[in-house]
Amino acid sequence: MRVLIVEDEPNLRQQLQSTLEGAGYAVDTAGDGEEGHFLGSTESYDAIVLDLGLPEIDGLTVLDRWRKEGKSTPVLVLTARDSWSDKVAGLDAGADDYVAKPFQTEELIARLRALIRRASGNASAELTAGDIRLDTRSGKVTKDGAPVKLTAQEYKLLSYLLHHKGKVVSRTELIEHIYDQDFDRDSNTIEVFVTRIRKKLGADTITTIRGLGYSLEDDEAATAAD
């Protein structure tokens, strides 16, 4: 899953980026409201972390512009601890949740996971498809109860398909959501990752929809479709 961090404080921005990348997210960052608005308007993200006190353009204005542009990406705003007015203003402007500074990064990651799950229609922290289970809290993947070791990119691809289970996901969409902006995006690597996942989880785990993309469904749904 791909996340944008818009935060002007360099140390906090770097800390958040490092923590989220360690948790398996592809991360882009912006240090001011102007750059943040541009990235959020032109790139595809699964969630955005937005500080309200930004230079150039303040966070509330950035958020308001995104919503007026029709951007529905979940946004988690960062507010000052005692600024209840910022919390209210952020939620009224279209934020989906907030975290008050200073905060524990574990709480921020948990709230991001919840936002992303809800946005894709998943209430549980555990994503499943047949006998495959992915725990978004621990990052562990199992098949029929047995642990399966995936590389970082394999995990990101499987996670995205599980978040959008039953839907056809194009190769372009996968590229946009599992790689950060600076990554050398080669569409051919998607097929490589799909092949590796099939070897580890089963040949029928991911279905190729010729000319459209890939789909991951429950075994029962796949059988009914056949």
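As the structure is a prediction and not an experimental result, all values here were calculated from the model.

Quick word on the overall build of the protein
Secondary structure summary: the protein contains nine helices and 11 strands in total. For a compact globule of 226 residues, the expected C-alpha radius of gyration is about 17 Å, and the protein comes in at 18 Å, within 12% of that figure. Expressed along its principal axes, the backbone C-alpha trace of the protein runs to roughly 55 × 35 × 30 Å. When the 226 residues of the protein are sorted by exposure, 46% land in the buried category. Taking all contacts inside the protein whose residues are at least 6 apart in sequence as the whole, residues at least 24 apart take part in 59%. With 28 positive and 40 negative side-chain charges, the protein shows a spacing of 5 Å between the two charge centroids.

Notes on the pattern of salt bridges
Applying the stated criterion across every chain yields a total of 15 salt bridges. We note a salt bridge from E7 to K101, for which the minimum N-O separation is 3.2 Å. Within this pair, whereas E7 is found in the loop between strand 1 (2–6) and helix 1 (10–22), its partner K101 is found in strand 5 (residues 97–101), the two being separated by 94 residues in sequence. Through salt bridges with shared partners, a single network forms among R2, D28 and E43.

Here we look at the side chain of D135
One can find D135 in strand 7 (residues 132–135). Leave out the neighbours within four places in its chain, and D135 touches A125, E126, K140 and Y155.

Regarding the sheet that holds strand 6 (residues 126–129)
Overall, antiparallel pairing links the four strands, which are arranged 6-7-8-9 in an open sheet. What marks the edges here is a single partner per strand, and that holds for strand 6 and strand 9 (146–148). Between one strand axis and the next, the sheet turns through 25° on average, direction left out of account. In this structure, strand 8 (residues 140–143) lies alongside strand 9, joined through three bridges in antiparallel fashion. Paired with V141 across the two strands is V148, which belongs to strand 9. Docked against the sheet, helix 8 (residues 188–201) engages strand 7, strand 8 and strand 9, running at close to 55° with respect to strand 8.

Details of the packing of helix 6 (residues 152–163) against helix 8
Their axes nearest at 10 Å, the elements helix 6 and helix 8 cross at an angle of 85°. Judged by the angle between their axes, helix 6 and helix 8 are roughly perpendicular. For the pair formed by helix 6 and helix 8, the contact residues are Q153, E154, L157 and L158 on the first element and I190, F193, V194, R196, I197, K200 and L201 on the second. Across the contact of helix 6 with helix 8, the residue classes tally to seven nonpolar, one polar and three charged.

Details of the pairing of strand 2 (residues 26–30)
Counted residue by residue, strand 2 has four buried out of five residues, so it is predominantly covered. When strand 1 meets strand 2, the two strands line up parallel, connected through five bridges. Within strand 2, the position partnered with V6 by the bridge is A30. For the crossover from strand 1 across helix 1 to strand 2, the handedness is right-handed.

A look at the domain arrangement of the protein
In terms of domains, the protein is made up of domain 1 (2–120) and domain 2 (126–223). Using C-alpha coordinates to define each centre, domain 1 is positioned 26 Å away from domain 2. With both chains or domains summed, domain 1 and domain 2 bury close to 1,200 Å², and 46% of this area falls on carbon and sulfur atoms. Contact with domain 2 buries area across many residues of domain 1, yet R2, R113 and S120 alone supply 34% of it, more than any other trio. Our count for the contact surface shared by domain 1 and domain 2 stands at five residue pairs in polar contact (both at pLDDT 80 or more). Contributing elements (two or more residues each) for the side of domain 1 that touches domain 2: strand 2 and helix 5 (105–119). Residues that form the side of domain 1 that touches domain 2 fall into these classes: six nonpolar, three polar and six charged.

Cut-offs applied
Along each chain, residues carry numbers from 1 onward, in the same order as the chain's sequence is written. Predicted model: local features are reported for residues with pLDDT of at least 70 only, side-chain atom pairs are reported and counted for 80 or more only, and whole-chain, interface and lining totals are derived from all residues. Side-chain metrics in this entry use all non-hydrogen atoms of the structure; hydrogen atoms and water are not considered. Helical segments are the DSSP runs of H or I of at least four residues, strand segments are the runs of E of at least two, and each set is numbered from the N terminus. C-alpha atoms define the radius of gyration, and 2.2 Å times the number of residues to the power 0.38 defines the globule rule. Residue exposure (1.4 Å probe, protein chains only): buried if accessible area is under 20% of the type maximum, exposed if over 50%, otherwise partly exposed. Throughout, a contact is declared for two residues whenever any of their heavy atoms are within 4.5 Å. The convention is simple: Lys and Arg are positive, Asp and Glu are negative, and His and the chain ends are not counted. We put the charge of a Lys on NZ, of an Arg on CZ, of an Asp on CG and of a Glu on CD. Put simply, a salt bridge is a Lys or Arg side-chain nitrogen that is within 4 Å of an Asp or Glu carboxyl oxygen. One bridge is not enough; two strands pair if DSSP finds at least two bridges between them. Every axis corresponds to a line fitted to the C-alpha atoms, with the helix fit spanning only the stretch in contact, and the corresponding angles, defined between N-to-C directions, vary from 0 to 180 degrees. Working rule for angles: under 35 degrees goes down as roughly parallel, over 145 as roughly antiparallel, 65 to 115 as roughly perpendicular, anything else as oblique. Three residue categories are used. Nonpolar comprises Ala, Val, Leu, Ile, Met, Phe, Trp, Tyr, Cys and Pro, charged comprises Asp, Glu, Lys and Arg, and polar comprises the others, including Gly. When the strands point away from the viewer and the path from the first strand over the helix to the second turns clockwise, the crossover is right-handed. Marked domain ranges trace back to an automatic or database domain assignment. Buried area is a sum: the accessible area each of two parts loses on coming together, probed at 1.4 Å, counted once for each and added. Under this definition, polar contacts are N or O atom pairs within 3.5 Å; protein pairs additionally need one hydrogen-donor-capable and one acceptor-capable atom, and for neighbouring residues in sequence, both atoms have to be side-chain atoms.

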